[in-house]
Amino acid sequence: MTGPVSGVVLAAGLSTRFETAADTPKQLYRIGGESLVRRTCRAALTSGLGEVVLVTGHAGRRVRSEVADLDLRVLHNPSYADGQSGSVRCGLSAVADVAEGAMFLPVDQPGLDAAVIDRLLGVFDGPGSIIVPTFRGRRGAPVTFGRDWFTRLEGLRGDEGARPLLCELAARLQELELDSELPLVDIDTEDEARSWLERSATP
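Small disclaimer: the values here were computed from a predicted structure and weren't measured. (Residues numbered from 1 in each chain as written. Predicted model: local features only at pLDDT ≥ 70, side-chain atom pairs only at ≥ 80, totals over all residues. Heavy atoms only, no water.)

**Topic: the overall build of the chain**
Thinking step 1. A count of helices and strands for the chain gives 7 helices and 10 strands.
Thinking step 2. Taken over C-alpha atoms, the radius of gyration comes to 16 Å for the chain, in line with the 17 Å a tight globule of 203 residues would show.
Thinking step 3. When its C-alpha atoms are laid out on the principal axes, the chain stretches across 45 × 40 × 30 Å.
Thinking step 4. Considering the chain as a whole, with its 203 residues, one finds that 53% of them fall into the buried category.
Thinking step 5. Summed over its atoms, the accessible surface of the chain is roughly 9,800 Å², and 46% of this surface lies on carbon and sulfur atoms. (Helix = DSSP H or I, 4+ residues; strand = E, 2+ residues; numbered from the N terminus. Rg over C-alpha atoms; globule rule 2.2 N^0.38 Å. Buried < 20%, exposed > 50% of the residue type's maximum accessible area, 1.4 Å probe, protein only. Areas by Shrake-Rupley, 256 points an atom, 1.4 Å probe, with all protein chains shown as cover.)

**Quick look at the nonpolar core**
Thinking step 1. Counting residues in each nonpolar core, the largest one holds 29 residues, and the members touching the most others are Val37, Cys41, Leu49, Leu54, Met103 and Ile117.
Thinking step 2. For this core, the secondary-structure elements that each account for two or more residues are strand S1 (5-11), helix H1 (36-45), strand S4 (51-56), strand S6 (101-106), helix H4 (114-123) and strand S7 (130-135).
Thinking step 3. Filtering out sequence-adjacent residues up to four positions away, Leu54 remains in contact with Val9, Ala11, Val37, Cys41, Val63, Val67, Leu72, Arg73, Val74 and Leu75.
Thinking step 4. Core analysis: the next-biggest nonpolar cluster, separate from the first, contains 27 residues, Val53, Cys90, Ala94 and Leu173 among them. (Core = buried A, V, L, I, M, F, W, Y, C linked by side-chain atoms within 4.5 Å. Contact = heavy atoms within 4.5 Å.)

**Some thoughts on the layout of surface pockets**
Thinking step 1. Approximately 1,300 Å³ is the volume found for the largest pocket.
Thinking step 2. Looking at the largest pocket, it is lined by 42 residues, and the ones nearest its centre are Gln84, Pro106, Asp108, Asp159 and Arg163.
Thinking step 3. Those elements that provide at least two residues to the lining of the largest pocket are S1, helix H3 (84-92), S6, strand S8 (138-139), strand S9 (143-146) and helix H6 (163-168).
Thinking step 4. Residues of the lining of the largest pocket, tallied by class, amount to 22 nonpolar, 10 polar and 10 charged. (1 Å grid on protein atoms, 1.4 Å probe; cavity = no way out; pocket = protein on both sides within 12 Å on 5 of 7 lines; lining within 4 Å. Points joined across faces, edges and corners; volume = space filled by probe spheres on them. Nonpolar A, V, L, I, M, F, W, Y, C, P; charged D, E, K, R; others polar.)

**What about the packing of aromatic side chains?**
Thinking step 1. Taken as a whole, this structure holds 1 aromatic pair when the rule is applied.
Thinking step 2. Between the aromatic rings of Phe104 and Phe145, the centroid separation amounts to 6.4 Å while the plane-to-plane angle is 70°, which identifies the pairing as edge-to-face. A residue pair is termed long-range when its members are at least 10 positions apart, and Phe104 in strand S6 and Phe145 in strand S9 qualify at 41 residues.
Thinking step 3. A relative accessible area of 1% places Phe145 in the buried class. (Phe/Tyr/Trp six-rings, centres within 6.5 Å; stacked < 30°, edge-to-face > 60°.)

**Re the pairing of S1**
Thinking step 1. With respect to burial, S1 is a largely interior element, 7 of its 7 residues being buried.
Thinking step 2. Neither face of S1 is left uncovered, since the one carrying Val5, Gly7, Val9 and Ala11 and the one carrying Ser6, Val8 and Leu10 both have all their residues buried.
Thinking step 3. Pairing of S1 with S6, which is carried by 6 bridges, proceeds in the parallel orientation. Across the sheet, Leu10 pairs through a bridge with Pro106, a residue of S6.
Thinking step 4. Sheet topology note: the S1/S4 ladder contains 6 bridges and is parallel. (Pairing = 2+ DSSP bridges.)

**So, empty space enclosed by the protein**
Thinking step 1. Enumeration according to the criterion identifies 1 cavity of 30 Å³ or more in this entry.
Thinking step 2. Top contributing element to the lining of the largest cavity by residue count: H1, with 3 residues.
Thinking step 3. Counted by class, the lining of the largest cavity contains 5 nonpolar, 2 polar and 1 charged residues.

**What to know about unusual backbone geometry**
Thinking step 1. Cis geometry marks the peptide bond from Ala141 to Pro142, where omega comes out at 10°.
Thinking step 2. Along the chain, the position of Pro142 falls in the loop between S8 and S9.
Thinking step 3. With a phi close to 55°, Ala59 is a non-glycine residue in the positive phi region.
Thinking step 4. A positive phi is found at Arg136, a non-glycine position, where the angle reads about 50°.

Nothing here speaks to function; it is geometry throughout.
This is the structure in structure tokens:
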């Protein structure tokens, strides 16, 4: 039996492509009456993750306020404008010493729920694991890295997050095929958010 996996919710980005009439940051955009950041954090908290760490940056105070009543730890990444890798490193610095891995959860995938997170946890196989969800050959997030890879993650730079490392370690990845594409769909514009709502409402 493996040890606990920590969840790291990445909610620091500028999301420059996401524009709304009310100038709402993507993290605080509401889907079904609930902000994306709260939706993601709730999914993580109701899953089997050992803990949840939220990394804020852009609109940090507003994002923190949005989840103030939830049982998670919040870290602010002051260098959020430098790219996603900084938020990965920031979140990783707070992961519990007993954790055997860390799952990095993007804040802009409204279809990601506790059931999908638990399926990913179910195939996690210890410190050497790298678990990636897929649908019909398309890889997505959240990605789970075992502790053996933490040092490599700490060396990341730029705005691509862990993508370069995943390319380098392609032969080590374990893929989990999902039953639907919806949990992997990320929204980068308000139009994409509306499209996601329409698709998720279709029987």
